[in-house]
Amino acid sequence: MGNIFLLALVSAANPTLLAAVTVMLFVPNPKRLLLGYLAGALLTSLTIGFVIVLVIHDSSATSTAKNALSPSLDIAFGLILLLVAYVLRGGHDQRLKERRRQRKLAKRDGGSGGEGPSQVETLLGRGSVRVTFALGAVLSLPSVSYLAALHNLQELGYGAGAEILVIVGFNLVMLILLEVPLLGYFVAPERTVVEVQRFRVWLTRSGRSMAIYGAGVLGLLLIGRGLIGYLT
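Cut-offs used in this document
- Each chain has its residues counted from 1, running along the sequence as written.
- Confidence filtering applies because this is a predicted model: local features only for residues at pLDDT of at least 70, side-chain atom pairs given and counted only at 80 or more, and all residues used for totals across whole chains, interfaces and linings.
- Side-chain measures here rest on the full set of heavy atoms in the structure, leaving out hydrogens and waters.
- Here a strand is any run of E in DSSP of at least two residues, a helix any run of H or I of at least four, and the numbering for each starts at the N terminus.
- To sort residues, take the accessible area from a 1.4 Å probe on protein chains only and compare it with the maximum for the residue type: under 20% means buried, over 50% means exposed, and anything in between is partly exposed.
- Here the nonpolar core consists of buried residues drawn from Ala, Val, Leu, Ile, Met, Phe, Trp, Tyr and Cys, with membership extended through side-chain atoms lying within 4.5 Å.
- Angles here are taken between N-to-C directions and fall from 0 to 180 degrees, while the axes themselves are lines fitted to C-alpha atoms, restricted in helices to the stretch in contact.
- Should the near helix be turned anticlockwise from the far one by less than a right angle, the crossing is left-handed, and should it be turned clockwise, the crossing is right-handed.
- Whether two residues are in contact is decided by their heavy atoms, any of which lying within 4.5 Å being enough.
- Note that patches include only residues with greater than 30% relative accessible area and no salt bridge, and the join distances are 9 Å for like charges and 5 Å for nonpolar side chains (Val, Leu, Ile, Met, Phe, Trp, Tyr).
- Throughout, the Shrake-Rupley method with a 1.4 Å probe supplies accessible areas, and for residues the shown protein chains are the sole cover considered.
- Should a side-chain nitrogen of Lys or Arg be within 4 Å of a carboxyl oxygen of Asp or Glu, the pair is scored as a salt bridge.
- What a helix is expected to span follows from its residue count: subtract one and scale by 1.5 Å.
- By definition, the arc is the one covered by directions from the helix axis to the C-beta atoms.
- Every angle not falling under 35 degrees, over 145, or within 65 to 115 is termed oblique; those three ranges are roughly parallel, roughly antiparallel and roughly perpendicular.
- Polar here means any residue other than Ala, Val, Leu, Ile, Met, Phe, Trp, Tyr, Cys and Pro, which are nonpolar, and Asp, Glu, Lys and Arg, which are charged; Gly is therefore polar.

Caption draft 1: Here's a closer look at the overall build of the protein. When helices and strands are tallied, the protein shows 11 helices and zero strands. Taken from the N to the C terminus, the helices and strands of the protein come in the order α-α-α-α-α-α-α-α-α-α-α. Counting only residues that meet the buried cut, the protein has 36% of its 232 residues in that class.

Caption draft 2: Broad picture of the nonpolar core. Within the largest apolar cluster, 22 residues are counted, with the highest numbers of intra-cluster contacts made by M24, Y37 and L178. Going through the elements one at a time, helix 2 (15–25), helix 3 (30–56), helix 10 (176–187) and helix 11 (189–231) are the ones with two or more residues in this core. Counting residues per element, this core draws most heavily on helix 2, at seven residues.

Caption draft 3: Structural context of the packing of helix 3 against helix 7 (residues 129–138). Running from N to C, helix 3 and helix 7 cross one another at 35 degrees; their axes reach a closest spacing of 7 Å. Between helix 3 and helix 7 lies a crossing of right-handed hand. Side by side, helix 3 and helix 7 meet where R32, L33, G36, Y37, A39, G40, A41, L43 and T44 of the first sit next to V129, T132, F133, L135, G136 and A137 of the second.

Caption draft 4: A look at the side chain of S140. Positionally, S140 belongs in the loop between helix 7 and helix 8 (144–156). Taking relative accessible area as the criterion, S140 reaches 11% and is therefore assigned buried. If sequence neighbours within four positions are ignored, S140 has contacts with A41, T44 and S45.

Caption draft 5: Expanded view of a nonpolar patch on the surface. A contiguous nonpolar patch, built from M1, L156 and Y158 and spanning about 260 Å² of accessible area, is present on the exposed surface. Checked against the element boundaries, M1 lands in the segment before helix 1 (2–12).

Caption draft 6: Layout of helix 9 (residues 160–174). Helix length check: helix 9, at 15 residues, gives a terminal C-alpha distance of 21 Å against a target of 21 Å (1.5 Å per residue), a fit within 8%. All of the buried residues in helix 9 are E163, V166, I167, F170, N171 and M174. The buried residues of helix 9 occupy an angular sector of 135 degrees when projected down its axis, which confines them to one face. Its buried side turned inward, helix 9 meets helix 1, helix 2, helix 3, helix 8 and helix 10.

Caption draft 7: Up close: the packing of helix 3 against helix 10. Put simply, helix 3 and helix 10 touch, their axes get as near as 10 Å, and they point 150 degrees apart. Considering the angle they form, helix 3 stands roughly antiparallel to helix 10. In the packing of helix 3 onto helix 10, the handedness of the crossing is left-handed. Of the residues in helix 10, those touching helix 3 at P30, K31, L34, L35, Y37 and L38 are L178, E179, L182, Y185 and F186. Looking at the contact of helix 3 with helix 10 residue by residue, the classes come out as nine nonpolar, no polar and two charged.

In structure tokens, the structure reads:
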């Protein structure tokens, strides 16, 4: 269960979600937009989680192959997390983003005028609840951490009721960057805007290091558990 909670914290460190929240806080009716985004995100994430754990996991084919596939999945997820840590540590993702940015600027007349808002930020800025609901659904597809947590949950052998509670709890932790500002806006809207901006600055400075160490440690733990599974 501890691994699932750690994976939920890793999934919660989502810069895209934080950027979306920041945009929504500065448009009219931010509470409605935040609620729309949250509803869309939960719809996608919970549905996929329930299907993977309660439907696919209970099928006869999955039950037959479970013992053979579990160590392989642990090692596969672990290697993916180590690859993520390597990419972040080497700055390969930043170089890729910079090349994309340069190509976008090259398409502009003379490359002037700045980079401008992203397409997602432009859509969020329209202030439409339907748009934020759709974006929440699309941008909340399962991450590697979520899939790894679902796999760990299957290994625990809980009943259906307990599995549903764990999946719901995981999603509540994963979307905490959205839920805390939403609750804060009901209590102290002006203070919430200031704190979100401050946290975004901190995440820009320290988020990469946290993601590197988190992905690296979890990757090693999963690989270790997979190797033990093969030996036992």
